[in-house]
Amino acid sequence: MSAIDLTINDKPVRNDVAPRVHLGDFLRDTHHLTGTHLGCEHGVCGACTVLCDGEPVRSCITFAVACDRRDIRTIEGFDDDELMTRLRRAFSQHHALQCGYCTPGMLITARDIAQRFPDADEARIRLELSGNLCRCTGYMGIVAAIRWVLDDLKLNPLARPVPSVLPAAATSAGNTRATTGFATFDAKRTGPDPGAGAPDAPRGRPIQDAGPSGIAATASDRKGWTAIDDSFVVPFPLDRVWAFMGDLPSVTACLPGAELVEHDVEKVRGRIAIKFGPMSANFAGSARLERDDANHRAVMRGAGQDNISRSRANGDVTYALMPEQGGTHTRVAVTLEYMLQGPLAQFSRSGLVKDFVRRMIADFGARITARLGGDAAPAAEPASSKFNVGAMIWSVVWGRIRRLFGGR
Ligand code: FES
Ligand code: FES
């Protein structure tokens, strides 16, 4: 058992909890907050959605121990929330529920949509809602209710504006804070990171400043985008790493699940396969690489679509190289900014997914090191093999547990 301290609906609580207990069971069984419904318990239906530090998460795939020092809000915790009050009224008026099983998750997601997309049209609402399943209503009433609230907000703004849906996580400039388990740090921060290898290494945001080359900064103010900064060190000199990073087939070979279809010097078309529990995605798309040789910075801008789930992804990967240890090593600072739309969108902003992305970046660094060292084994892995997030879950969870106990 582990002791956790957290806030639930503004009330501080402390409990001993077994590591395997998920947040949904913890809320229902320990705190009798049975408004959080459990449907699939696989992260698919969205019935169990609650807010964690202001962001919607699926409580059935969020471990309670991972919520230590977090702020949780369940459907019972919105009584003083004017936006939720309007949504509830609209759901009633527009017959947006029948059995009501999906409704707590629907309402929390609807509130998130209303905050993030005040100008959403019906297509956008349906897209953002596609991670919540309802087996009764046919969605017409739900979409109509959300549209009604969005229209109403334009005529009658909230008396007391709701804090940003990501109060701690997204600034007005749209930067999303990257969270790694129990340590939370601002993506703009340049100081030491508990997860970084070198304690004083520069991180993230500085590479987004437009350099003398004119490579544009990544757009950190894009609504709905998530930004994650990380870095890794490879034991090779900067020039060698820079040359390697310009070789698109070699770089692709270091990305788990990625497959290159065609490329020239700066454009690439390919696929990346990802498996997340019961959900599989196979994104096909293209990207363009802009390189600033003088400053050893580059940005890869890409977009793709998964034809099975119809989810769409847009992403920019910015990386900057810096010499370390007298030039024998190179630090690669990576900023990943992405937006997912469609059924997979609701997975994109949880702390767990951010941890997976960080682990993916670390894995990428290890593969580059192996390739530069002449080890072709990682590239020999079948390109079509999926990047199995499920297989990585234990390493991520274990990493969180180690951080809980102060280890690294
Ligand atoms: Fe959590 Fe279905 S019960 S997503
Ligand atoms: Fe019954 Fe949505 S109202 S599942």
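Whatever comes next refers back to the structure up there.
What comes next is a walk through the structure. (Residues numbered from 1 in each chain as written. Chains lettered and ligands numbered in written order. Predicted model: local features only at pLDDT ≥ 70, side-chain atom pairs only at ≥ 80, totals over all residues. Heavy atoms only, no water.)

**Describing helix α5 (residues 140-155)**
Link 1 in the chain: Compared with the 22 Å implied by 1.5 Å per residue over 16 residues, the 23 Å span of α5 between its first and last C-alpha is a close match.
Link 2 in the chain: Buried within α5 are the following residues: G141, I142, V143, A145, I146, V149, L150, D152 and L153.
Link 3 in the chain: Looking at the buried residues of α5, the elements they touch are α2 (82-93), α3 (103-116) and α4 (122-128). (Helix = DSSP H or I, 4+ residues; strand = E, 2+ residues; numbered from the N terminus. Expected span 1.5 Å × (residues − 1). Buried < 20%, exposed > 50% of the residue type's maximum accessible area, 1.4 Å probe, protein only. Contact = heavy atoms within 4.5 Å.)

**Description of the packing of aromatic side chains**
Link 1 in the chain: Going through the model one piece at a time under the given rule, you end up with two aromatic pairs.
Link 2 in the chain: An angle of 90 degrees between the planes, with centres 6.1 Å apart, marks the rings of F232 and F364 as edge-to-face. With F232 in strand β8 (residues 226-234) and F364 in helix α8 (residues 351-372), this residue pair connects regions lying 132 residues apart in the sequence. Here the two residues F232 and F364 agree in accessibility, since each one is buried. (Phe/Tyr/Trp six-rings, centres within 6.5 Å; stacked < 30°, edge-to-face > 60°.)

**Observations regarding the packing of α2 against α3**
Link 1 in the chain: α3 packs onto α2 with a crossing angle of 120 degrees between their chain directions and a minimal axis gap of 10 Å. As summarised for this structure, α2 and α3 are arranged oblique, according to the angle between their axes. For the pair α2 and α3, the sense of crossing is right-handed. Side by side, α2 and α3 meet where L83, M84, L87, R88 and F91 of the first sit next to T103, M106, L107, I108, A110, R111, A114 and Q115 of the second.
Link 2 in the chain: Tallied by class, the residues present in the contact of α2 with α3 amount to nine nonpolar, two polar and two charged. (Axes fitted to C-alpha atoms, helices over the stretch in contact; angles between N-to-C directions. Parallel < 35°, antiparallel > 145°, perpendicular 65-115°, else oblique. Left-handed = near helix turned anticlockwise from the far one by under 90°. Nonpolar A, V, L, I, M, F, W, Y, C, P; charged D, E, K, R; others polar.)

**Some points on helix α6 (residues 238-245)**
An α-helix turns once per 3.6 residues; consequently, residues spaced three or four apart project the same way.
Link 1 in the chain: Inspection of α6 places L238, V241, W242, F244 and M245 among the buried residues, and these make up the whole buried set. Mapping the buried residues of α6 onto a view down its axis gives an arc of 160 degrees, with all of them on the same face. (Arc of directions from axis to C-beta.)

Read these as layout, nothing more, since geometry by itself doesn't imply function.
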